[in-house]
Amino acid sequence: MAIFRNLDIFLIVLSLGSIFIICFYRKISRELQSEPTNWPVVGMFPAALQNLHRAHEYATQVLRECGGTYELKGPWFLNLDIMFTCDPANIHHIFTKNFPNYPKGPQFRKIFEILGDGIFNVDDKLWEIHRRITLSFLTNSKFYTLLERNTWRKMDVGLIPVLDYFCEHGKDFDLQDIFQRFTFDSICKLVLDYDPGSLCIDLPYIPCEKAFSNSVAPLLHRHILPERIWRLQQWLNFGNEKKLAEAKKAFDDFILPRVSFKDEEQEDDFNVMKIFKKFYEEKNIESSGDLSEFLKDTALSLMFAGRDTTSTCLTWLFWLIAKNPSTENKILQEIETELRVKQDSTGRVFNVEESRKLVYLHGALCESLRLFPPIALEHKSPVNDDILPSGHHLRKNSKVIISFYSVGRLETVWGKDCLDFKPERWISGKGMTRHEASYNFPAFNVGPRTCIGKEMAFIQMKIVAATMIYRYRVELVEGHPVAPLDSVVLHAKHGLRVRLSKRN
Ligand code: HEM
């Protein structure tokens, strides 16, 4: 009998042990497959927090395994479930076909409250006004003359002297920081008619310039944390919320004095802030603040658009080229053959028309935007219940996050070599730039809210990239870690440390 009793105990222990091992194995293998475990009470929140330091990569892995759409379950009672998607059919549906059902809405506005009544944050009439006025400015022929003149000037007095200095002293430096200063000075000149001179050899600390970088990671955290938690942090002025409060102060201090025009200055030339001021006064625009606040919000959105996107694309372009040296030779060849134009101290100076001949460089920029879209995700909330083309149901006011980062890495769209940097994929058989539907390549957004600075961005980026590649060899500093930042804007987390040498 004792033997049988011992055998019973042995079998029970064996069964429990097996169950434990199977559960443990299943949990580990689920984690290896990256699909998050849905725990009682806390939902998938632990997996989200655990992977917050590699948010874009993790979302891409999960989405790839789940066919492009996945619902992340938040803790019970917190109303934090989020639908993630990178399915091009869903993107086309949300951004274009059913656009009226997906305004920016109150949730977006709360997260991006720092942008106030600027174009990124508003819907309906106010958005239409912003878009119309900004477009009229960006498509005016005077604008391109101004853009060309300002960009080449900034190259001559800012970028080239600074790069020559690092080159002559054999010093390594953060190329991302240099690009951010370049685009900050350039966009300030265009929007505020004022060049703060952040790009010079001393690399001065300008709080507003750094405030852009300091605010993008906290903004991603607001997407994932429950509102009550980040509101509490805001009230306590602590952590990420403290960074946002400091950024807001830096923006106010920098922009407000520069949009308070005196009356006698009004009647003059081509200036986007003055166009907005005139419109505001004539049409009595409905905004939540007074005129100065409205102009500050308008300027801040345009500065965000112009500073962070182009500098991020250029940073990843130079990293990708350094990792794929054969592409550098092709860009050089293209500059040699296509830009037989006048030379000055900067190198080969070319105009907007001539920049269109740089088809291979254009492809390289598109590859940088595909693999590292500067705006890595979009956040939407439907006004009414909806069913996505993938069959997923969305309740009204629920959250849907569209990962632009993941779309560019989809094998189903870009093929087996989707992770490779191949500028050639953007060139058609006739040697022209190949068009790609925006829902497959959403770096510049999709539908009625498509970016209106795309043309300007390509012109600026080609001037910078062609000039730099023509003048310098860019070498990565060995051992320096390079990875995307977990933020709404896809900066390189630790910058991009490089060393330059001059070409003959
Ligand atoms: C590589 C460079 C750029 C990229 C990847 C890019 C990308 C984007 C994206 C994804 C959006 C949609 C944002 C949203 O709705 O939340 C957007 C909107 C916008 N972009 Fe760009 N952008 C770039 C450069 C620029 C430049 C240089 C400007 C000029 C100032 C600009 C002006 C705008 C404006 C005004 C909007 C708002 C459009 C609207 O809501 O109707 N962008 N851009």
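This structure is a prediction, so every number in the text was calculated from the model and none was measured. (Residues numbered from 1 in each chain as written. Predicted model: local features only at pLDDT ≥ 70, side-chain atom pairs only at ≥ 80, totals over all residues. Heavy atoms only, no water.)

1. Here we look at the site of the ligand
Lys104, Trp127, Arg131, Glu378 and Cys451 are the nearest of the 25 residues found near the ligand. Lys104 places a polar side-chain atom, nitrogen or oxygen, 2.6 Å from an oxygen atom of the ligand. Between an oxygen atom of the ligand and a side-chain N or O atom of Trp127, the distance comes to 2.7 Å. Listed by contribution, the elements that provide at least two residues to the shell around the ligand are helix 6 (124-138), helix 13 (291-323) and helix 19 (454-471). Considering every element that reaches the shell around the ligand, the biggest residue donor is helix 13, with five residues. A per-class count over the shell around the ligand returns 16 nonpolar, five polar and four charged. (Near = heavy atom within 4 Å. Polar contact = N/O pair within 3.5 Å; in protein donor to acceptor, adjacent residues only side chain to side chain. Helix = DSSP H or I, 4+ residues; strand = E, 2+ residues; numbered from the N terminus. Nonpolar A, V, L, I, M, F, W, Y, C, P; charged D, E, K, R; others polar.)

2. What to know about the packing of helix 13 against helix 14 (residues 325-338)
Relative to each other, helix 13 and helix 14 sit at 110 degrees, their axes nearing to 5 Å. The angle between helix 13 and helix 14 falls in the class roughly perpendicular. Contacts between helix 13 and helix 14 involve Ile321, Ala322 and Lys323 from the former and Pro325, Thr327, Glu328 and Ile331 from the latter. (Axes fitted to C-alpha atoms, helices over the stretch in contact; angles between N-to-C directions. Parallel < 35°, antiparallel > 145°, perpendicular 65-115°, else oblique. Contact = heavy atoms within 4.5 Å.)

3. A few points about the sheet that holds strand 10 (residues 472-476)
With antiparallel pairing, the three strands of this open sheet are ordered in space as 3-11-10. The sheet terminates laterally at strand 3 (173-174) and strand 10, the two strands that pair on one side only. Summarising the sheet, strand 10 and strand 11 (residues 497-502) pair through five bridges and their orientation is antiparallel. Residue pairing across strands places Arg473 opposite Ser501, the latter belonging to strand 11. Along the sheet, helix 7 (residues 141-168) contacts strand 3, strand 10 and strand 11; its crossing angle with strand 11, the most-contacted strand, is approximately 90 degrees. (Pairing = 2+ DSSP bridges.)

4. Quick word on the sheet that holds strand 2 (residues 82-85)
Paired through their backbone hydrogen bonds, the strands of a sheet run either parallel or antiparallel. As summarised here, the arrangement of the four strands in space is 1-2-9-6, forming an open sheet in which the pairing is mixed. Looking at which strands have only one partner, the edges of the open sheet turn out to be strand 1 (69-72) and strand 6 (377-380). Neighbour-to-neighbour, the strand axes of the sheet open up by a mean angle of 20 degrees, direction not taken into account. Relative to strand 9 (residues 399-403), strand 2 runs parallel, the two being bridged by four bridges. Within strand 9, the residue paired with Phe84 across the bridge is Ile401. Seen against the sheet, helix 4 (residues 88-97) touches strand 1, strand 2, strand 6 and strand 9 and runs at an angle of roughly 120 degrees to strand 9.

5. A few points about the environment of Glu354
In this structure, Glu354 sits in helix 15 (residues 352-355). Between the C-alpha atoms of Glu354 and Arg340, which are 14 residues apart in sequence, the distance is 9.5 Å. One polar contact links the side chain of Glu354 to the main-chain amide nitrogen of Asn351, over a distance of 2.8 Å.

6. Regarding the packing of aromatic side chains
Overall, the coordinates contain 23 aromatic pairs when judged by the stated rule. Taken together, the ring pairs connect Phe184, Tyr194, Phe212, Phe251, Phe254 and Phe304 into an aromatic cluster. The ring of Phe372 is capped by Arg409, whose NZ or CZ atom sits 5.1 Å from the centre of that ring. In this structure, Arg434 packs its charged tip against the face of Trp426, placed 5.9 Å from the ring centre. (Phe/Tyr/Trp six-rings, centres within 6.5 Å; stacked < 30°, edge-to-face > 60°. Lys NZ or Arg CZ within 6 Å of the ring centre and 35° of its normal.)

7. A few points about the pattern of salt bridges
If you walk through the whole model with that rule in mind, you get 39 salt bridges. Between Arg231 and Glu227 there is a salt bridge, and its shortest N-O distance comes to 3.1 Å. Of this pair, Arg231 and Glu227 both sit in helix 10 (residues 227-236), separated by four residues, roughly a single helical turn. Residue Glu436 pairs with Arg434 through a salt bridge whose shortest N-O separation is 3.3 Å. Overlapping salt bridges bring together Lys110, Glu113, Arg222, Glu227, Arg231 and Glu241 as one network. (Salt bridge = Lys/Arg side-chain N within 4 Å of Asp/Glu carboxyl O.)

8. A few points about the coordination of the iron atom of the ligand
Counting protein donors around the iron atom of the ligand gives one, Cys451 (SG), at 2.4 Å. When you line up the elements, Cys451 lands in the loop between helix 18 (411-414) and helix 19. (Donors = N, O, S within 2.8 Å, 3.2 Å for Na, K, Ca; no water.)

9. Focus: unusual backbone geometry
Among all residues except glycine, the phi angle is most often negative; among peptide bonds, the trans geometry is most common. Its identity is not glycine, yet Asp193 carries a phi of approximately 55 degrees, on the positive side. As for its position among the elements, Asp193 is in the loop between helix 8 (175-192) and helix 9 (207-224). One non-glycine residue, Asn237, adopts positive backbone phi at about 50 degrees. Mapped onto the fold, Asn237 is located in the loop between helix 10 and helix 11 (240-255). Overall, Asn237 belongs to the partly exposed group, its relative accessible area being 40%. (Buried < 20%, exposed > 50% of the residue type's maximum accessible area, 1.4 Å probe, protein only.)

It is worth stressing that arrangement in space is one thing and function is another; only the former is reported here.
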